[in-house]
Amino acid sequence: MTTPRYLDVHVLQTVPFANLNRDDLGSPKSLVYGGATRTRVSSQCWKRAVRLDVERAIGDPAVRTRRVPAEVAERLQRRGWSQEAALAAGAQVALSANKKEGLKLEDKGGTSVLLYLPEAALDALADLAEEHREAIEQTVGAKKPKAVLPTDKVGELLSERNGVINLFGRMLAELPGAGVDGVVQVAHAFTTHEVAPEIDFFTAVDDCLPADAVGSGHMNSAEFSAGVFYRYASLDLVGLRTNLGEDVQMAEELTRAFLAAFIASLPTGKQTSSAANTLPDLVHVAVRADRPISYAAAFEAPIRPERGLAAPSRDQLSRHAERLEKLWGTAGVLHSAYACIDEKPLNGLGDPEDSFAELIAGAVGAAYPGASQ
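These numbers were taken from a predicted model, which means no experiment stands behind them.

(A) Structural context of helix H4 (residues 119-131). Taken together, the buried positions of H4 are Ala-121, Leu-122, Leu-125, Ala-126, Leu-128 and Ala-129. Buried positions in H4, seen along its axis, are confined to an arc of 155 degrees and lie on one side of it. For H4, the elements touching its buried residues are strand S4 (62-65), helix H2 (68-78), helix H3 (83-95), strand S5 (115-118), helix H5 (133-137) and helix H6 (151-158).

Shown next, in the form of structure tokens:
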């Protein structure tokens, strides 16, 4: 039996007047592709939204933070430790992280690098400090305290991984063996057509002005845009099983959670003032034995408005996929299906499904044949 190696997911999503991902000037992020300026949502932005949705689905959150010492200290203070001893314990976590010089602390007590670990590991670090409370309290007030926590145990806790870390990976050169190869590739989302951002001038009324006063309490402007986004991600199925020690049941659960999150997630930028809470118009999923394949080139020539932009974008994706099937072949495609808001068939995208739930179930079943039986 051919081993499924990759799961590709392609999404077309219409987003109305919004600014999901801003640049340093507050404008919607953009790129020039095919000679046309498009609105862009960075992979990091949408990936974070996906990650948080996966965490909620599996009930095992992770945290990316420089504040591990402070988080440990806060937990210990809630357990009755003095502030001085708790802060010393937090610093000890950094000092005892490895056998060389630990992790460097900045002026405000945070680590010099972002750590990425399961939230449960913070409680475990506080438990470890409890076991060595007497030794930690003896370091209070010392200008250059020595590490008193067991280095191997601290390194082990800081290197723990959970579902989202096994999916998205972790780069941490300061702790040997803590790195995790990410198995998810997420492309920058971009509009299938040219976009010119619009400026929204707004004012805020001061409700407590005197009756004879005129004018607003605040004036400003913000930029927004609208469009049909092409989104793409690929999941390395073999890599995920490797990260999980060949735990196929957990791999199946994470794949299902990732697919559901990638379809449903939305970045939160400017959402309180735009409420751009749309769902995808089209989702296509393929399980492959050869290599990941993006369909971004379908939109190198920007879609021109005809009867709107969404329907022509779906048609163009279908034509491009069908043409690639002829060029590349289908020997490496183990499963191909799509769910779409249109009822008309779309060639090149596999079998139609009536719902996203059925689409996900079929893809996961093809990715892990026989795993749920």
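(B) Structural view of the environment of Val-15. Tracing the sequence through the fold places Val-15 in strand S1 (residues 6-18). C-alpha of Val-15 to C-alpha of Glu-119: the two residues are 104 residues apart in sequence and 33 Å apart in space. Setting aside anything within four residues of it in sequence, one finds Val-15 in contact with Leu-20, Ala-226, Gly-227, Phe-229, Ala-276 and Thr-278.

(C) Helix H11 (residues 356-367), seen in detail. The terminal C-alpha atoms of H11, which comprises 12 residues, lie 16 Å apart, in line with the 16 Å expected from a rise of 1.5 Å per residue. Every buried residue belonging to H11 is among Leu-359, Ile-360, Ala-363, Val-364, Ala-366 and Ala-367, and all of these are buried. Along the long axis of H11, the arc covered by the buried residues comes to 160 degrees, so they all point the same way. Looking at the packing, one finds that the buried side of H11 touches S1, helix H8 (237-243), helix H9 (248-264), strand S10 (282-288), strand S11 (333-340) and strand S12 (351-353).

(D) Broad picture of the pairing of S11. Most of S11 is tucked away: 6 of the 8 residues are buried. Alignment of S10 against S11, held across 7 bridges, turns out to be antiparallel. Paired with Leu-282 across the bridge in S11 is Cys-340. With 3 bridges connecting them, S11 and S12 associate as parallel partners. Within S12, the residue paired with Ala-337 across the bridge is Asp-351.

Rules behind the numbers
- Residues numbered from 1 in each chain as written.
- Predicted model: local features only at pLDDT ≥ 70, side-chain atom pairs only at ≥ 80, totals over all residues.
- Heavy atoms only, no water.
- Buried < 20%, exposed > 50% of the residue type's maximum accessible area, 1.4 Å probe, protein only.
- Helix = DSSP H or I, 4+ residues; strand = E, 2+ residues; numbered from the N terminus.
- Arc of directions from axis to C-beta.
- Contact = heavy atoms within 4.5 Å.
- Expected span 1.5 Å × (residues − 1).
- Pairing = 2+ DSSP bridges.

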